[in-house]
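A structural walkthrough
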Amino acid sequence: MVKRSPAKRHIFPRMVRFADIDSLGHVNNVRFFDYLEDARLGMLHIDPYRAGDAPFKGLVVSRHEIDYRRPLTFRADPVSVETWVTEVRPVRFTLEYEIRDEKEVFVTARSVLVAYDVDRAAPRRLLEDELIYLKRYLAE
């Protein structure tokens, strides 16, 4: 069993799709970015919407880092994409992820997201509600 950070994590179950598998029989490296995107959308848009809160709007990814730990092959059970916040600044924040099952971590990753005003085509400050939401998942 791999140790988890003490931060509260957003858990997003993600099925491994047949289309994710490459000619070597494992999830293609590029497809893992889809897993991360699905988890981010769940955490920052779908879950707040379902809870009656405003989803995040106007976020852009300014950086992705990904480390491939183990091959992930086709399986019947979903993997978990676990996401938490490691840094919050006035205009940006950092998410960390693990794509895993109960026994193994397949991928670790990090994304930096910037709050963005689409009308002005410029960065914006994070709103108070957004900061409060992010702090739910902030690693101490």
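Preceding this paragraph is the structure being described.
The following refers to the structure shown. All values derive from a computational prediction rather than experimental measurement. (Residues numbered from 1 in each chain as written. Predicted model: local features only at pLDDT ≥ 70, side-chain atom pairs only at ≥ 80, totals over all residues. Heavy atoms only, no water.)

**Points about the pattern of salt bridges**
The cut-off we apply is this: Each reported salt bridge corresponds to a side-chain nitrogen of Lys or Arg within 4 Å of a carboxyl oxygen of Asp or Glu. Relative accessible area decides the class of each residue, using a 1.4 Å probe on protein chains only: under 20% of the type maximum gives buried, over 50% gives exposed, and in between gives partly exposed. Starting at the N terminus, helices and strands are each numbered in turn, a helix being any DSSP run of H or I of at least four residues and a strand any DSSP run of E of at least two.
A complete count under the given rule lists 17 salt bridges for this structure. Here aspartate 20 and arginine 14 are joined by a salt bridge, their closest N and O atoms 3.3 Å apart. On the basis of relative accessible area, aspartate 20 is assigned to the buried category, the value being 1%. Given a relative accessible area of 3%, arginine 14 falls into the buried group. Taking the shortest distance from any N to any O, the salt bridge between aspartate 20 and arginine 31 comes out at 4.0 Å. Of this pair, aspartate 20 sits in the loop between strand 1 (10-14) and helix 1 (31-50) while arginine 31 is found in helix 1, placing the two residues 11 residues apart along the sequence. Linked through salt bridges whose partners overlap, the residues forming this network are Arg14, Asp20, Arg31, Asp34 and Asp38.

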